[in-house]
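Listed below, chain by chain, are the residues.
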Amino acid sequence: MIAPRILVTGGAGYIGSHTAKFLRLAGIEPVVYDNLTTGNRSAVRWGPFVHGDVLDTSRLIDVIEQYRPIAVIHFAASAYVGESVADPAKYYNNNVRGMLSLLDACRATRLGKFIFSSSCATYGIPKVLPIDEATPQQPINPYGKTKLIAEHMLADYGAAFGLSYVSLRYFNACGADPEGDLGEWHDPETHLIPRALMAAAGKIPHLEVFGDDYDTPDGTCIRDYVHVADLALAHVLAYRYLENGGGSLALNLGTGRGLSIKEVLRTIGERTGRAVPVVFHQRRSGDPPVLYADASLAHRSLGFLPQFSDLETIVRTAAPFFGLEVRS
Ligand SMILES: O=c1ccn([C@@H]2O[C@H](COP(=O)(O)OP(=O)(O)O[C@H]3OC[C@@H](O)[C@H](O)[C@H]3O)[C@@H](O)[C@H]2O)c(=O)[nH]1
């Protein structure tokens, strides 16, 4: 029997490649469609690869007609908050026009199931914590705005053309494949945990900590760090949910637990035996002080329950990619 296929745009990227592996493990063939501007060809190992851009609607239509996927998972996007402030055109182009192009391709080919990579950045600075899906979405940077616009586009196309969808709002993705097949490769790398590991490994002189004067218990920002393998599995669960006739939804994917930067650095130091060299800097503009999810809706509707998102597992799986050994 031929395995069912899912089109995975951006499947050569960090969360996309992990998801492709989990799809394969679930008996689904991921057809990766990626322009390789930020993705890695070597991360495409679980199904066919098509080199293409999401802005190219006719090519998307050809690929969908060729492979006949039963659903699409859309990761392909630009995802640096700071860059989105400096170069909003890139974000409106890739994330909004890209979404429009893909939705038009789905409409033309009657591809009716869609899973979308959204972000906690769509919430901005929440007034109430934890953040549930009813929290007002008031993004404070162009990246978050483009993800929110794309969510609206998906909802409107869904209502008009009978497309069912799940928008997944990730909190802070981190960690690496528990079997060591895939890591986190961003260039440039801006995220806290990989940069802290780079500093611990001596690959950069130190980690800059952006602000220790926040109104939090230790003065540093608090985030909800969720392991990429837990996110990857959530996409498989989201597909199963749609396959079983589930209605369109937007869901938070986090752990419900907030960790401060200092807590993260302490665990990295303990696990690797190398203290992270740190220089305290002023706050980074646009950083909300505290973000953590109420992910109970994802638990109720998909059965989402993080298994890898404790900080020890995050560090243990990510550290080897930076040449660090981890104490058991
Ligand atoms: O070098 C660094 C990097 C980050 N940080 C801090 O660590 C915390 C986490 O920052 P990260 O850059 O890893 O992640 P962010 O919380 O900014 O956003 C992340 O999560 C939401 C996603 O949608 C975004 O794409 C992703 O960037 C912030 O408080 C940030 O200021 C540092 O102190 N130093």
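Looking at an unreviewed UniProt entry, one finds the chain named UDP-glucose 4-epimerase and attributed to Sinorhizobium sojae CCBAU 05684. What the UniProt record of the chain gives under Cofactor (unreviewed entry) is the line "NAD(+)". Word for word, the UniProt comment on the chain under Pathway (unreviewed entry) is "Carbohydrate metabolism; galactose metabolism."

A. Region of interest: the overall build of the chain. The helix and strand tally for the chain stands at ten helices and 13 strands. Here the chain has a C-alpha radius of gyration of 19 Å; the compact-globule value for 328 residues is 20 Å, and the two agree. Principal-axis analysis of the C-alpha atoms gives the chain an extent of 55 × 40 × 40 Å. Buried residues in the chain amount to 53% of all 328 residues. Intrachain contacts of the chain at a sequence separation of at least 6 include 77% that bridge at least 24 residues. For the chain, the accessible area works out to roughly 13,900 Å², and carbon and sulfur atoms hold 51% of it.

B. Just the site of the ligand, in detail. Around the ligand, the surrounding shell holds 19 residues, and the nearest of these are S119, E208, R223, R284 and D287. A distance of 2.8 Å is found between an oxygen atom of the ligand and a backbone nitrogen or oxygen belonging to L192. Among the elements that line the shell around the ligand, the one with the most residues is strand β8 (residues 207-210), at four residues. Considering only residue class, the shell around the ligand consists of ten nonpolar, four polar and five charged. Two domains each put at least three residues into the shell around the ligand: domain 1 (5-174 + 225-253) and domain 2 (192-224 + 256-322).

C. Here's a closer look at the domain arrangement of the chain. Each assigned domain of the chain is listed with its residue range as follows: domain 1 (5-174 + 225-253) and domain 2 (192-224 + 256-322). The C-alpha-based centres of domain 1 and domain 2 are spaced at 24 Å. Each side of the interface is counted separately: domain 1 has 29 residues, and domain 2 has 30 residues. Of the roughly 2,500 Å² buried where domain 1 meets domain 2, counting both sides, 70% is carbon and sulfur surface.

Reading the values: rules and limits
- Residues numbered from 1 in each chain as written.
- Predicted model: local features only at pLDDT ≥ 70, side-chain atom pairs only at ≥ 80, totals over all residues.
- Heavy atoms only, no water.
- UniProt positions renumbered as here; feature names shortened; annotations may be inferred.
- Helix = DSSP H or I, 4+ residues; strand = E, 2+ residues; numbered from the N terminus.
- Rg over C-alpha atoms; globule rule 2.2 N^0.38 Å.
- Buried < 20%, exposed > 50% of the residue type's maximum accessible area, 1.4 Å probe, protein only.
- Contact = heavy atoms within 4.5 Å.
- Areas by Shrake-Rupley, 256 points an atom, 1.4 Å probe, with all protein chains shown as cover.
- Near = heavy atom within 4 Å.
- Polar contact = N/O pair within 3.5 Å; in protein donor to acceptor, adjacent residues only side chain to side chain.
- Nonpolar A, V, L, I, M, F, W, Y, C, P; charged D, E, K, R; others polar.
- Domains from an automatic or database assignment.
- Buried area = accessible area lost by both parts, 1.4 Å probe.

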